[in-house]
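The residues making up each chain are set out below.
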Amino acid sequence: MSYERVWTVRFSDTDPFGIAHYPRIVDALHETSDMFMEDIGYPFWEISQDQGFGLPLVEMNFEFASPVEAGDEVTIALTPDVGDRSVRFEYTATCEGTVAFEGYEQRVCAEHGGGGAIDVPDGMRDAMAAYAVE
């Protein structure tokens, strides 16, 4: 089961052609991962400030299949795939049953301040398990 949220495309999200501009789509994806991490009890700001580690983005790739426009309700599904020292967030976004875009973000679990990669904490791994790739 993936984590899902609905993104309403706003007029301010569109380009001169009336289609959602890709940087706004990336913003919507980052907001989705923020919401996901908060919902599972590991907000990005808390793990960085209070727990001394984070999940910095090291790679991302998306393919756009169908345009979305102002007023569209886009369901963004996030599925985490947890590795030893990294997490890959797989995304599929649909609008009215049609895939609009899909892709991934690869994030490494790293010590705050440049200390290098560390194992994904068991508590975070467990919190992601209900939404993880099976």
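Here, the structure is the one placed above.
Small disclaimer: the values here were computed from a predicted structure and weren't measured.

Attention shifts here to the packing of aromatic side chains. Counted under the stated rule, the structure contains 6 aromatic pairs. Their ring planes at 80 degrees and their centres at 5.9 Å tell us that Tyr 3 and Tyr 131 sit as a pair that is edge-to-face. Here Tyr 3, found in strand β1 (residues 3–8), pairs with Tyr 131, found in the segment after α3 (122–128); they are 128 residues apart in sequence, far enough to count as distant. Taken individually, Tyr 3 and Tyr 131 each receive the classification buried, so the pair is uniform in this respect. Judged by centre distance (6.1 Å) and plane angle (55 degrees), the ring pair of Phe 64 and Phe 101 falls under tilted.

Considering the arrangement of structural elements, one finds Val 133 in the segment after α3. Its relative accessible area of 45% is what places Val 133 among the partly exposed residues. Expressed as a C-alpha distance, the spacing of Val 133 and Val 108, which sit 25 residues apart in the sequence, is 17 Å. Beyond its immediate stretch of four places on either side in the chain, Val 133 contacts Thr 79, Pro 80 and Asp 81.

Counting 33 residues, the largest nonpolar core has Trp 7, Phe 36, Met 37, Val 74, Phe 89, Met 124 and Met 128 as its most contacted members. Of all the secondary structure elements, the ones that give two or more residues to this core are β1, α1 (22–39), α2 (44–50), β4 (73–82), β5 (86–95), β6 (98–108) and α3. Those residues in contact with Met 37, other than ones at most four positions away along the chain, are Tyr 42, Pro 43, Phe 44, Ile 47, Leu 55, Phe 89, Met 124 and Met 128.

In this section: a negative patch on the surface. Together, Asp 34, Glu 38, Asp 39, Glu 46 and Asp 50 line one region of the surface with negative charge. For the negative patch, the element with the highest residue contribution is α1, accounting for 3 residues. Residue placement: Asp 39 occurs in helix α1.

As for its position among the elements, Thr 8 is in strand β1. Within polar-contact distance, the side chain of Thr 8 engages the side chain of Glu 73 at 2.9 Å. Beyond its immediate chain neighbours, meaning those up to four positions away, Thr 8 contacts Asp 13, Asp 72 and Glu 73.

A few words now on the pattern of salt bridges. Taken as a whole, this structure holds 5 salt bridges when the rule is applied. Note that Asp 13 and Arg 24 form a salt bridge whose closest N and O atoms lie 2.9 Å from each other. Here Asp 13, found in the loop between β1 and α1, pairs with Arg 24, found in helix α1; they are 11 residues apart in sequence, far enough to count as distant. The exposure class of Asp 13 is buried, given its relative accessible area of 4%. The salt bridge partner of Glu 105 is Arg 107, with a shortest N-O separation of 3.4 Å. The residues Glu 105 and Arg 107 share a single accessibility class, namely buried.

What counts as what
- Residues numbered from 1 in each chain as written.
- Predicted model: local features only at pLDDT ≥ 70, side-chain atom pairs only at ≥ 80, totals over all residues.
- Heavy atoms only, no water.
- Phe/Tyr/Trp six-rings, centres within 6.5 Å; stacked < 30°, edge-to-face > 60°.
- Helix = DSSP H or I, 4+ residues; strand = E, 2+ residues; numbered from the N terminus.
- Buried < 20%, exposed > 50% of the residue type's maximum accessible area, 1.4 Å probe, protein only.
- Contact = heavy atoms within 4.5 Å.
- Core = buried A, V, L, I, M, F, W, Y, C linked by side-chain atoms within 4.5 Å.
- Patch = residues over 30% accessible without salt bridge, like charges linked within 9 Å, V, L, I, M, F, W, Y side chains within 5 Å.
- Areas by Shrake-Rupley, 256 points an atom, 1.4 Å probe, with all protein chains shown as cover.
- Salt bridge = Lys/Arg side-chain N within 4 Å of Asp/Glu carboxyl O.
- Lys, Arg positive; Asp, Glu negative; His and termini not counted.
- Charge placed at Lys NZ, Arg CZ, Asp CG, Glu CD.
- Polar contact = N/O pair within 3.5 Å; in protein donor to acceptor, adjacent residues only side chain to side chain.

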